[in-house]
Amino acid sequence: MASSPPSVQVRDIIDLTPKETQIFQKLLEVVRHFSLPTQLRVAGGWVRDKLLGKECYDIDIALDDMLGREFCEKVNDYLSYTGEEMQGIGVIQCNPDQSKHLETARMRLFDEWIDFVNLRSEDYSENSRIPTMVYYGTYASLRKIYGDCFMERFGTAEEDAYRRDLTINSLFYNINTSSVEDFTGRGIEDLKSGKIVTPLPPKDTFLDDPLRVLRAIRFGARFGFILDEDLKLAASCDDVRAAIADKISRERIGHEIDLMISGNEPVKAMTYICDLLLFSVVFSLPPNVKPAISEECV
């Protein structure tokens, strides 16, 4: 008998803490000081958790018209102008050889680490789950800086939302307008109904990025949400199982398993893995090692 979706209390608005208010106000001051057209959006898990009434200290800012490092430099220019202490900027460089195709800039504001990245459309190479970042800016300058990491096309907030792993993680909080944005039209609905659903058809989503299968399992277990039936069919199909084995490093799989085991529902997460016929894919052993495995977990 299928489980019934849980009843989830979702807030109508996001209540900011005093520190969040300080951070967002400072960022808006930067935008206004330089007369920037930039829309500042908090992306992903922070929005989800705040709507669920949970605290979250992982603030990721998505920018619609510049790179994260460029905006961080604007922040420091403003801090210098107001006589405040400038902050160090950390940048995770674009490095295809190390499977790092996304650049993220990070700096501290009011004793909190904030990540900045521009909105993106993601294109995946055939044998990798790492997306190629699509940057804003003039072609010549960005090609000079990023070389083969640079592509001419760029994403919108809506496109970015649809390329996220799950609808509940596709929500934005627009700092400029103090409003929640649900570009898929399903994020808030699925959050309220306690469902784990992908923004795009699940098989396409998982073949683009097979790690999303494990993330779907982790969030389903963590929140006690129901996995969508189409999602379960896609996650257990041969093509997706093969993609998990071929495209995801053991390190990345191990990281997701660590998060499941250290979470609040490790047994439920492992049960999902077994029910979706992923046990032998996730917990693969070295060659020539063939222990007995239950038929239910093949």
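In this text, all values refer to a predicted model and were calculated from it rather than measured experimentally.

Scoring rules and cut-offs
- Residues numbered from 1 in each chain as written.
- Predicted model: local features only at pLDDT ≥ 70, side-chain atom pairs only at ≥ 80, totals over all residues.
- Heavy atoms only, no water.
- Phe/Tyr/Trp six-rings, centres within 6.5 Å; stacked < 30°, edge-to-face > 60°.
- Helix = DSSP H or I, 4+ residues; strand = E, 2+ residues; numbered from the N terminus.
- Buried < 20%, exposed > 50% of the residue type's maximum accessible area, 1.4 Å probe, protein only.
- Pairing = 2+ DSSP bridges.
- Axes fitted to C-alpha atoms, helices over the stretch in contact; angles between N-to-C directions.
- Contact = heavy atoms within 4.5 Å.
- Parallel < 35°, antiparallel > 145°, perpendicular 65-115°, else oblique.
- Left-handed = near helix turned anticlockwise from the far one by under 90°.
- Nonpolar A, V, L, I, M, F, W, Y, C, P; charged D, E, K, R; others polar.
- Core = buried A, V, L, I, M, F, W, Y, C linked by side-chain atoms within 4.5 Å.
- Expected span 1.5 Å × (residues − 1).
- Polar contact = N/O pair within 3.5 Å; in protein donor to acceptor, adjacent residues only side chain to side chain.

Q: Can you help me understand the packing of aromatic side chains in this one?
A: Under the definition given, this model contains nine aromatic pairs. Seen from their ring centres, Phe-24 and Trp-46 are 5.7 Å apart, and the 75° between their planes marks the pair as edge-to-face. Of this pair, Phe-24 sits in helix α1 (residues 18-33) while Trp-46 sits in helix α2 (residues 45-51), placing them 22 residues apart in sequence. There is no split in this pair, since Phe-24 and Trp-46 are both buried. What links up through ring pairs into an aromatic cluster is the set Phe-24, Trp-46 and Tyr-173.

Q: Is there a simple way to think about the sheet that holds strand β3 (residues 90-92) in this case?
A: Hydrogen bonds between backbone atoms are what pair the strands of a sheet, whose relative direction is either parallel or antiparallel. With respect to topology, seven strands assemble into an open sheet ordered β3-β4-β5-β2-β1-β8-β9, the strand pairing being mixed. The two strands at the open ends of the sheet, each matched to only one other strand, are β3 and β9 (179-181). Sheet twist, expressed as the mean angle between neighbouring strand axes with direction ignored, is 30°. Of the strands in this sheet, β1 (40-43), β2 (59-63), β3, β4 (104-109) and β5 (112-118) are in contact with helix α3 (residues 68-81), which crosses β4 at around 25°.

Q: Can you help me understand unusual backbone geometry in this one?
A: Working note: non-glycine residues mostly have negative phi, and peptide bonds are mostly trans. The backbone of Ser-35 sits at a positive phi, close to 50°, despite the residue not being glycine. Checked against the element boundaries, Ser-35 lands in the loop between α1 and β1. With relative accessibility at 64%, the residue Ser-35 sits in the exposed group. Positive phi, normally seen in glycine, also occurs at Phe-110, with a value near 50°. Along the chain, Phe-110 turns up in the loop between β4 and β5. You can call Phe-110 partly exposed: its relative accessible area is 30%.

Q: I'm lost on the packing of helix α8 (residues 211-223) against helix α12 (residues 266-275) in this one. Help?
A: Geometry of a packed helix pair, given as the angle between the helix axes and the separation of the axes. Running from amino to carboxyl end, α8 crosses α12 at an angle of 140°, the nearest separation of the two axes being 8 Å. Put simply, α8 runs oblique to α12. In the crossing of α8 with α12, the sense of the turn from one axis to the other is right-handed. Every residue of α12 that contacts α8 at Ile-217, Gly-220 and Ala-221 is listed here: Lys-268, Ala-269, Tyr-272 and Ile-273. Classifying every residue of the contact of α8 with α12 by side-chain character gives five nonpolar, one polar and one charged.

Q: So what exactly am I meant to see when it comes to the nonpolar core here?
A: When a protein is soluble and globular, its nonpolar side chains tend to lie buried together. Counting residues in hydrophobic clusters, the biggest one holds 66 residues, and the most contacted among them are Leu-27, Ile-61, Phe-71 and Ile-217. Sorting elements by how many residues they give to this core places α8 first, with eight residues. Ala-43, Ala-62, Leu-119 and Ala-161 belong to the second-largest nonpolar core, a separate cluster that totals six residues.

Q: Explanation requested: α1 in the structure shown.
A: Owing to its 3.6 residues per turn, the α-helix aligns residues three or four sequence positions apart on the same side. For α1, which comprises 16 residues, the first-to-last C-alpha distance of 22 Å matches the rise-based estimate of 22 Å (1.5 Å per residue) to within 8%. Within the sequence span of α1, burial applies to Glu-20, Ile-23, Phe-24, Lys-26, Leu-27, Leu-28, Val-30 and Val-31. Remark: Ser-35 follows α1 within two positions and exhibits a positive phi of approximately 50°.

Q: Explain the environment of Gln-87 to me, please; I cannot follow it from the model alone.
A: Mapped onto the elements, Gln-87 comes out in the loop between α3 and β3. Considering only alpha carbons, one finds Gln-87 and Arg-106, 19 residues apart in sequence, at a separation of 9.9 Å. Other than its neighbours up to four places away in sequence, Gln-87 contacts Asn-76, Leu-79, Met-107 and Arg-108. Separated by 3.4 Å, the side chain of Gln-87 and the backbone oxygen of Glu-85 make a polar contact.

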